[in-house]
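As a plain string of letters, each chain reads:
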Amino acid sequence: MLPETIKWEDKKLTLLDQRLLPFELRRVVCESAEETARAIKEMVVRGAPAIGVAAAYGLALAAANGGDFDEAAKLLAASRPTAVNLFWAVERMKDLYHANKDKPNDEMCRVMEAEAVKIHNEDIEINRKIGFYGQSVLPRTGAALTHCNAGALATAGYGTALGVFRAAAEAGKEIKIFADETRPRLQGALLTSFELSSDGFDVTVITDSTAAFLMSRRKIDAVITGADRIAANGDAANKIGTYSLAIAARFHGVPFYVAAPLSTFDLKCASGADIPIEYRDGREVRELRGVKVMPEDTDVWNPSFDVTPRSLITGIITERGIIRAPLAENIKKTIEEDR
Ligand SMILES: CSC[C@H]1O[C@H](OP(=O)(O)O)[C@H](O)[C@@H]1O
């Protein structure tokens, strides 16, 4: 059984240290917003929904610890730039804090803690709904391909893309899953493979550059990935390598789905061009788990995300159903109906 990604125990946030998986199971304890922000930046916890939930708890800690709450919120918002779930959670907790800051401290802290727990539990329920709708795109028996980790390790539990596979299995479907290793941080090889095999799935790791050849040699019924931010027109930012996967899927006639909660949509971004892309240290590419794989002075360009244009996306699987073309219109309609 997979350990919980995020736990709130004795008014402390404990995070499964995903930098050590699958070789070591260790938890990092966060007792302040500062410690939480560092854990997000250093990818102790990662995955769009998971960092949103962690940030919510980070702000519950900020409220309990006193000090400058708005500064704590800024610090958390600055930890990583692409996943909009982070900003959504920060804004939701800030609004609550300012609505309750004049109440007695223990009451205000209780309200903040309860909201973070609510965000945590909501995420798991949303992921189950994403799985419920998403499993319909998979056959009774078949194969699927995913990229990075959009599973329980990237969320508060159950997962988004991997939640679709869980729901398919719960519906009695037999799906062989191929997981891109996902250079440079290897979330597919180290996290998705570990997560799915721990839950008894038939999962095979391939290198990122194998995906197109795999599609040319065997039937892949669908590619299903997560997302970190989806623009109003349907362009979707996700882990680097997703865009080239979508191009290969289109060339081979494989349906390409993005699985994401409505909190991943950012209507303030008109298109993918407006989505901020995180660039990380080149050392992530020059080294593999601390072992140099190229000279230290090698120039590296290391965007952590790319943007898949809506034209390559078959559908976006959400907790309100599958949004299909015309994506811009149907995104607007779905979000308005959810309000
Ligand atoms: C369920 S969304 C997970 C999403 O986040 C990952 O990025 P990172 O591991 O850098 O946080 C990747 O883009 C996944 O699809």
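In the nomenclature of an unreviewed UniProt entry, the protein chain corresponds to Methylthioribose-1-phosphate isomerase from the organism Synergistes jonesii. According to UniProt, the comment filed for the protein chain under the heading Pathway (unreviewed entry) is "Amino-acid biosynthesis; L-methionine biosynthesis via salvage pathway; L-methionine from S-methyl-5-thio-alpha-D-ribose 1-phosphate: step 1/6." Quoted verbatim from the Sequence similarities (unreviewed entry) field of UniProt, the annotation for the protein chain is "Belongs to the EIF-2B alpha/beta/delta subunits family. MtnA subfamily."

Some points on the sheet that holds strand β2 (residues 12-16)
Strand order in this open sheet of 3 strands is β1-β2-β3, and the pairing throughout is antiparallel. Across the chains shown, the open sheet's two edge strands, defined by having one partner strand only, are β1 (6-9) and β3 (27-30). Ignoring strand direction, the axes of neighbouring strands in this sheet form an average angle of 25°. Running at roughly 145° to β3, helix α1 (residues 33-41) makes contact with β2 and β3 of the sheet. Sheet contacts for helix α2 (residues 48-65): β1, β2 and β3; angle to β1, the most-contacted strand, approximately 20°.

Looking at the environment of Val203
For Val203, the position within the fold is in strand β6 (residues 203-206). Taking the C-alpha atoms as reference, Val203 lies 9.1 Å from Ile175; in sequence the two are 28 residues apart. Among all residues touching Val203, those that are not within four sequence positions of it are Ile177, Ala179, Ser193, Leu196 and Ser197.

Brief notes about the site of the ligand
Around the ligand sit 18 residues, and of these Gly47, Arg80, Asp228, Asn238 and Lys239 come closest. The contact in question runs from an oxygen atom of the ligand to an N or O atom on the backbone of Gly47, over 2.8 Å. At a separation of 2.5 Å, an oxygen atom of the ligand approaches a polar side-chain atom of Asp228. Relative to its free-state accessible area of 400 Å², the ligand is covered by the protein chains to the extent of 99%.

Conventions used here
- Residues numbered from 1 in each chain as written.
- Predicted model: local features only at pLDDT ≥ 70, side-chain atom pairs only at ≥ 80, totals over all residues.
- Heavy atoms only, no water.
- UniProt positions renumbered as here; feature names shortened; annotations may be inferred.
- Pairing = 2+ DSSP bridges.
- Helix = DSSP H or I, 4+ residues; strand = E, 2+ residues; numbered from the N terminus.
- Axes fitted to C-alpha atoms, helices over the stretch in contact; angles between N-to-C directions.
- Contact = heavy atoms within 4.5 Å.
- Near = heavy atom within 4 Å.
- Polar contact = N/O pair within 3.5 Å; in protein donor to acceptor, adjacent residues only side chain to side chain.
- Areas by Shrake-Rupley, 256 points an atom, 1.4 Å probe, with all protein chains shown as cover.

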